[in-house]
Amino acid sequence: GNSVTQMEGPVTLSEEAFLTINCTYTATGYPSLFWYVQYPGEGLQLLLKATKADDKGSNKGFEATYRKETTSFHLEKGSVQVSDSAVYFCALREGGGSNYKLTFGKGTLLTVNP
Amino acid sequence: NAGVMQNPRHLVRRRGQEARLRCSPMKGHSHVYWYRQLPEEGLKFMVYLQKENIIDESGMPKERFSAEFPKEGPSILRIQQVVRGDSAAYFCASSDRPQDNEKLFFGSGTQLSVL
């Protein structure tokens, strides 16, 4: 079956540091890949997505590139802010699958200190 | 426009009791989805409902779990005779159409603890 593996948290960084959160996946076919973010006290919201190999998703300074050869979709940001403190979830949707049947990773808690 | 509202935020039950989790979708949304996050695992799809209909319950445990989304009122996820293994975070999402997960709006979840 499908699965998503994220790096263990929590991750603690200082403001303006470089961020990488690793994500690898196992899936049949050609899945679509997503990063969701959950800010404190809020629901998950879509941060970025990529639907095919070599696509780069980007939003709010975050980027992730769909790497089929390494089955990875690592999240990066060049300079984090305190407001980026949240839980980040990597997710996939099986190619041709129902749009709501997402498979999520466990989530990585990011804390950014001023 | 209020977001997806879930209540309670935290629910504590003893083994054998019933748990009822509520989800009020965003205004105008008629599609509701429930996900469960067990400890040390990712969220997993449980069930998809439209008003008064269950569309896809392929992720629901076969026993003790049920869900409804009545014509009026919130969607309810009901767990009968809870066991410790039911302890998890339960997330609800809603959409105004089912075909694009970019339009999925999630609630902040209900944390169920079974003693």
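Remember, it's a predicted structure, so these values are computed and weren't measured experimentally.

**Here's the deal with the overall build of chain B**
- Within chain B, the secondary structure is distributed over 0 helices and 11 strands.
- Mapped from its N terminus to its C terminus, chain B presents α and β elements in the order β-β-β-β-β-β-β-β-β-β-β.
- A compact globule built from 115 residues should have a C-alpha radius of gyration of about 13 Å, and chain B, at 13 Å, falls within 12% of that.
- Principal-axis analysis of the C-alpha atoms places the extent of chain B at approximately 35 × 25 × 25 Å.
- Looking at chain B alone, contacts between residues at least 24 apart form 54% of all its contacts between residues at least 6 apart.
- Seen as two clouds, the 17 positive and the 13 negative side-chain charges of chain B have centres 7 Å apart.

**Some words on the state of the cysteines**
- This structure, assessed with the given rule, holds 2 disulfides over all chains.
- A sulfur-sulfur separation of 2.0 Å characterises the disulfide bridge that pairs Cys23(A) with Cys90(A). Taking the sign of the S-S torsion, about -70° here, the bridge from Cys23(A) to Cys90(A) comes out left-handed. Within this pair, whereas Cys23(A) is found in strand E4 (residues 23-26), its partner Cys90(A) is found in strand E10 (residues 86-93), the two being separated by 67 residues in sequence. Across the pair, Cys90(A) and Cys23(A) agree in class, each one buried.
- Bridging Cys23(B) to Cys92(B), the disulfide has an S-S length of 1.8 Å. Here Cys23(B) and Cys92(B) share a disulfide; its torsion about the S-S bond, -50°, makes the bridge left-handed.

**Examining the sheet that holds strand E8 (residues 62-65) of chain A**
Residues and elements named next belong to chain A.
- Within the open sheet, the 4 strands sit side by side as E3-E9-E8-E7. Their pairing is antiparallel. If you trace the sheet from one side to the other, it starts and ends with strand E3 (19-21) and strand E7 (56-59), each paired once. Ignoring strand direction, the axes of neighbouring strands in this sheet form an average angle of 15°.

**Here we look at the packing of aromatic side chains**
- Taken as a whole and judged by the stated rule, the model has 14 aromatic pairs over all chains.
- Ring centres of Tyr33(B) and Tyr48(B) lie 4.7 Å apart, and the angle between their planes is 20°; on these two criteria the pair is classed as stacked. Within this pair, whereas Tyr33(B) is found in strand E4 (residues 31-37), its partner Tyr48(B) is found in strand E5 (residues 43-50), the two being separated by 15 residues in sequence.
- Their ring planes at 75° and their centres at 6.0 Å tell us that Tyr35(B) and Phe45(B) sit as a pair that is edge-to-face. Taken together, the residues Tyr35(B) in strand E4 and Phe45(B) in strand E5 connect sequence positions 10 residues apart.
- Overall, the relative accessible area of 0% leaves Tyr35(B) in the buried class.
- Among the aromatic side chains, those forming a connected cluster through ring pairs are Phe34(A), Tyr36(A), Phe89(A), Tyr100(A), Phe104(A), Tyr33(B), Tyr35(B), Phe45(B), Tyr48(B) and Phe106(B).

**Quick look at the interface of chain B and chain A**
- Listed as interface residues are 22 residues of chain B and, on the opposing side, 19 residues of chain A.
- Interface area for chain B against chain A, summed over the two sides, is near 1700 Å², with a carbon-plus-sulfur share of 54%.
- A salt bridge links Glu40(B) to Lys106(A); the shortest N-O distance between them is 3.8 Å.
- At the boundary of chain B and chain A, one finds 6 residue pairs in polar contact (both at pLDDT 80 or more).
- Elements supplying a minimum of two residues to the side of chain B that touches chain A: E4 and E5 of chain B.
- Classifying every residue of the side of chain B that touches chain A by side-chain character gives 9 nonpolar, 7 polar and 6 charged.

Here is what the cut-offs are and how they apply
Residues numbered from 1 in each chain as written. Chains lettered and ligands numbered in written order. Predicted model: local features only at pLDDT ≥ 70, side-chain atom pairs only at ≥ 80, totals over all residues. Heavy atoms only, no water. Helix = DSSP H or I, 4+ residues; strand = E, 2+ residues; numbered from the N terminus. Rg over C-alpha atoms; globule rule 2.2 N^0.38 Å. Contact = heavy atoms within 4.5 Å. Lys, Arg positive; Asp, Glu negative; His and termini not counted. Charge placed at Lys NZ, Arg CZ, Asp CG, Glu CD. Disulfide = S-S within 2.5 Å. Buried < 20%, exposed > 50% of the residue type's maximum accessible area, 1.4 Å probe, protein only. Pairing = 2+ DSSP bridges. Axes fitted to C-alpha atoms, helices over the stretch in contact; angles between N-to-C directions. Phe/Tyr/Trp six-rings, centres within 6.5 Å; stacked < 30°, edge-to-face > 60°. Buried area = accessible area lost by both parts, 1.4 Å probe. Salt bridge = Lys/Arg side-chain N within 4 Å of Asp/Glu carboxyl O. Polar contact = N/O pair within 3.5 Å; in protein donor to acceptor, adjacent residues only side chain to side chain. Nonpolar A, V, L, I, M, F, W, Y, C, P; charged D, E, K, R; others polar.

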